[in-house]
Amino acid sequence: MQKRSYFAGRMLPYALLAPQLLVTIVFFYVPAAQAVWQSFLLQDAFGISTEFVWFENYQLLFSDAAYYQAISVTAVFSVLVTVAALSISLLLAVQADKSLRGAGVYKTLLIWPYAVAPVVAGVLWLFMFQPSLGTLARGLRHFGVDWNPYLNSGDALSLVVLAAAWKQISYNFLFFLAGLQSIPKSLIEAAAIDGARPARRFWTIVFPLLSPTAFYLLTVNIVYVFFDTFGIIHAVTHGGPAGATTTLVYKVFNDGRAGGDLGGSAAQSVVLMAIVIALTAVQFRFIERKVNY
Amino acid sequence: MAEVRLTSVGKIYSGAVPAVKDITFSVPDGGFCVLVGPSGCGKSTLLRMIAGLETITMGEIRISDRVVNTVEPMDRDIAMVFQNYALYPHMSVYDNMAYGLRNRKTPEPEISARVAEAARILELEPYLERRPRELSGGQRQRVAMGRAIVRQPQVFLFDEPLSNLDAKLRGAMRVEIKKLQRQLGVTSIYVTHDQLEAMTLADQLVVMNQGVVEQIGEPLSLYERPETVFVAQFIGAPPMNMIDLAPGGGGPKGLDGSSELPVPASGARLGIRPEHLVVDEDGRPVPTRPGDIRLELAVDAVEAVGAETYIHGRLGGDGLMITAREHGKMLLPPGTSRVFTARRENLHLFDAATGRRVDI
Ligand SMILES: Nc1ncnc2c1ncn2[C@@H]1O[C@H](COP(=O)(O)OP(=O)(O)OP(=O)(O)O)[C@@H](O)[C@H]1O
Ligand SMILES: [Mg+2]
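Rules used in this analysis
Residues numbered from 1 in each chain as written. Chains lettered and ligands numbered in written order. Predicted model: local features only at pLDDT ≥ 70, side-chain atom pairs only at ≥ 80, totals over all residues. Heavy atoms only, no water. Salt bridge = Lys/Arg side-chain N within 4 Å of Asp/Glu carboxyl O. Helix = DSSP H or I, 4+ residues; strand = E, 2+ residues; numbered from the N terminus. Buried < 20%, exposed > 50% of the residue type's maximum accessible area, 1.4 Å probe, protein only. Contact = heavy atoms within 4.5 Å. Buried area = accessible area lost by both parts, 1.4 Å probe. Polar contact = N/O pair within 3.5 Å; in protein donor to acceptor, adjacent residues only side chain to side chain. Nonpolar A, V, L, I, M, F, W, Y, C, P; charged D, E, K, R; others polar. Near = heavy atom within 4 Å. Axes fitted to C-alpha atoms, helices over the stretch in contact; angles between N-to-C directions. Parallel < 35°, antiparallel > 145°, perpendicular 65-115°, else oblique. Left-handed = near helix turned anticlockwise from the far one by under 90°. Pairing = 2+ DSSP bridges. pLDDT = per-residue confidence, 0-100. Phe/Tyr/Trp six-rings, centres within 6.5 Å; stacked < 30°, edge-to-face > 60°. Lys NZ or Arg CZ within 6 Å of the ring centre and 35° of its normal.

*Asks:* Sorry if this is basic, but what is going on with the pattern of salt bridges here?
*Replies:* Pairing is possible between side chains of opposite charge, provided their charged atoms come close. Residue and element names in this part refer to chain B. Per the stated rule, a full pass over the model turns up 22 salt bridges over all chains. Between Arg225 and Asp359 there is a salt bridge, with the nearest N and O atoms lying 3.1 Å from each other. Here Asp359 lies in the segment after strand E20 (357-358) and Arg225 lies in the loop between helix H7 (219-224) and helix H8 (229-234), a separation of 134 residues in the sequence. Judged by its relative accessible area of 53%, Asp359 falls in the exposed class. Here Asp292 and Arg343 are joined by a salt bridge, their closest N and O atoms 2.6 Å apart.

*Asks:* I would appreciate a short explanation of the interface of chain B and chain A in the present structure.
*Replies:* By a frequent convention, interface size equals the accessible area lost on bringing the separate parts together. Taken together, the contact pairs 24 residues of chain B with 20 residues of chain A. Counting the surface chain B buries against chain A, the share from its top three residues, Met74(B), His90(B) and Tyr99(B), is 29%. Applying the counting criterion to the chain B and chain A interface returns two salt bridges. Where chain B meets chain A, there are 13 residue pairs in polar contact (both at pLDDT 80 or more). When residues of the side of chain B that touches chain A are traced back to their parent elements, those giving at least two are helix H1 (43-51), strand E6 (78-81) and helix H2 (93-103) of chain B. Taken together, the residues of the side of chain B that touches chain A break down into 14 nonpolar, four polar and six charged.

*Asks:* What is the right way to look at the site of ligand 1 in this model?
*Replies:* Residue and element names in this part refer to chain B. If you check the shell around ligand 1, you find Tyr13, Ala19, Ser39, Gly40, Cys41, Gly42, Lys43, Ser44, Thr45 and Glu160 and nothing else. Contact distances for ligand 1 include 3.2 Å between an oxygen atom and a backbone N or O atom of Cys41. One of the backbone N or O atoms of Gly42 is found 3.0 Å from an oxygen atom in ligand 1. The element best represented in the shell around ligand 1 is H1, accounting for three residues. Grouping the amino acids of the shell around ligand 1 by side-chain chemistry returns three nonpolar, five polar and two charged.

*Asks:* Looking at this structure, how should I read the packing of H2(B) against helix H3 (residues 108-121) of chain B?
*Replies:* Residue and element names in this part refer to chain B. Contact pair H2 / H3: the axes reach a minimum separation of 10 Å and the direction vectors enclose 135°. What the angle tells us is that H2 and H3 run oblique. Classified by chirality, the crossing of H3 by H2 is right-handed. For the pair H2 and H3, the contacting residues are Tyr94, Met97, Ala98, Leu101 and Arg102 in the first and Glu108, Ile111, Ser112, Arg114, Val115 and Ala118 in the second. Residues that form the contact of H2 with H3 fall into these classes: seven nonpolar, one polar and three charged.

*Asks:* Help me out: how do you make sense of the pairing of strand E19 (residues 348-351) of chain B in this one?
*Replies:* On a regular strand, each side chain points to the face opposite its neighbour's, so the side chains alternate between the two faces of the sheet. Residue and element names in this part refer to chain B. Covered by surrounding structure in E19 are His348 and Phe350 together with Leu349 and Asp351, the residues of both alternating faces. Bridge count for strand E13 (residues 268-272) against E19 is four bridges, and the pairing is antiparallel. By the bridge assignment for E19, Leu270 is matched with Leu349. Pairing of E19 with E20, which is carried by two bridges, proceeds in the antiparallel orientation. Note that in E20 the partner of Phe350 across the bridge is Arg357.

*Asks:* Can you help me understand the confidence of the model for chain B in this one?
*Replies:* Low-confidence regions, as indicated by low pLDDT, have predicted coordinates that should not be scrutinised in detail. When pLDDT is averaged along chain B, the result is 91, and 99% of the positions lie at 70 or above. The ipTM assigned to the predicted complex is 0.84, against a pTM of 0.81.

*Asks:* Even after reading the chapter, I still don't get the environment of Gly154(A), so can you show me in this structure?
*Replies:* Residues and elements named next belong to chain A. On the secondary structure map, Gly154 appears in helix H7 (residues 153-181). Overall, Gly154 belongs to the partly exposed group, its relative accessible area being 40%. Remark: the alpha-carbon pair of Gly154 and Leu61, spanning 93 residues in sequence, is separated by 26 Å.

*Asks:* Looking at this structure, how should I read the packing of aromatic side chains?
*Replies:* Residues and elements named next belong to chain B. Overall, the coordinates contain eleven aromatic pairs over all chains when judged by the stated rule. A ring pair is formed by Phe32 and Phe158, whose centres lie 6.4 Å apart and whose planes are at 5°; its orientation type is stacked. Residue Phe32 is found in strand E3 (residues 32-36), and its partner Phe158 is found in strand E7 (residues 155-159); the two are separated by 126 residues along the sequence. Exposure remark for Phe158: the relative accessible area of 2% places this residue in the buried category. Grouping aromatic residues by their ring pairs yields a cluster made of Phe32, Phe156, Phe158 and Tyr190. Cation over ring: Arg273 sits above Tyr223, and NZ or CZ is 3.9 Å from the ring centre.

Laid out in structure tokens, this is it:
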């Protein structure tokens, strides 16, 4: 009897962890290891012969001007998307919080569909800005704005930034709203009595209390921008014009899938992975220390 | 300096029933006013209207002769201590106290002088660099007090500031608050539902029930002369015994002498405080005078707490439960029947229909 319960006690934690571990191994460690292995290989265009070339793929990568362009596009793109997605969702959440204060759980739940709607809207939105068919694009042209994301790199970048930020807003919004609702009303009232006007209340009380949420979202958003935006770029601009919207992850996809350069693409994804790991580590080390209270 | 005056103040939350109705009273400069009443009677609502955290639906509130109905909380020159303390969790104790002064652009040297003074009074000096979550409940409560006093406001408002503390600490803090208020001489309004806290703190006690004021006065005068049945039963522990009398003065079985009382046509309720019931010692009945009331109780339970004894018994053997409070030890065996006497001058009589006091 005792032996059996001892046995169950030993196995249970592993059994509970197993699905998690399995998913992580299958979907993260295995592909990551494969990418690292692949980045040392050179394959001919038809995939017939494969040669182990050590760091040649990396050497080629870092002597490619297009790669440096992709790095700077990624930097601009990620800063713009993160700033836009975080600030717009925060603004919306603050407004929603004002009207939901004291309204109870039931009303708070009612807002959820509104938070999900932007995802659907985002797709429509891309159609509207499509230069030849989109109503908004035509409207812009009607007012003398020469809107053409297929030719103008500024237009192209703003379009993908808006589309990418838009997709992230609803997620951020829900987290910010939950964060705002968890700040006790009496804190805000105490600050009001303490002589802080609304703007000052926001920056000295609400925002610091929200910063753990903001920090979490910053990390999530950066990972999103780095990995999850190539679908949008592919749908809207195909990385063009002239590489103006080719981010690192889009280049991985483009060179590997479309260009057939598996080794080079693998080397790129290894670098990308390193960058994201480094960024996340930096965030945790330097920012998290400041936001904890 | 600051007198607080309320005139016909009322509050209706978004079209529903009124939370507070037609309240008029004033707190003199330096006075300590306690609002007391059962949960939901509108105490917090009234206090928050004085603070400016709720709009005033009806009437007028003045602080030192200025009508403040539409004045922002920050411009009313008040400080408030909240039930959950509402300390800023991301700031140190020092910054919590300094926040209000910084918002008002007080020079830093003066801020640190005032915070140091408050920390000295409240014995918070060792904790100035800590965050609120690193403090005990009592220490947090003192920080909340400190935040109020550094501002040197005209009025202190307290909303059940001690209700999150354990009984012993609550007693100690009660004494501290009273001492501090005397020392600083700041007009204070204090909300509680604990009648003991109310009795010990107040210069002026405002008893509220269902949004209206039942009675206002000094704690002891409310105790000795409650104007309504509600006040009579709310103030004092254990609560006053209430016995229903028929219009002619007839009472339940076991009650003697009530026909002498001026019972109104609608009937009456006779109130007797437990400590005013004196038991007949063995074979030595308490000498009665005309108008005294005698009750025969079958003893149900006896609680001896040392200095005094609570005797719970049923009137006339199986009737209403009556509580008597006697000095010293009095170990009556349960089941015995005893006669208790209440002096005429200690009786309270209320109209059964209106609940208001009737003079005897
Ligand atoms: N924001 C609000 N909206 C609607 N009704 C409210 C609101 N705040 C309070 N009330 C109602 O007003 C009445 C008085 O509430 P209040 O908070 O003043 O009671 P209280 O005397 O402070 O009670 P407690 O001792 O429980 O704190 C209650 O019936 C309550 O339901
Ligand atoms: Mg209350």
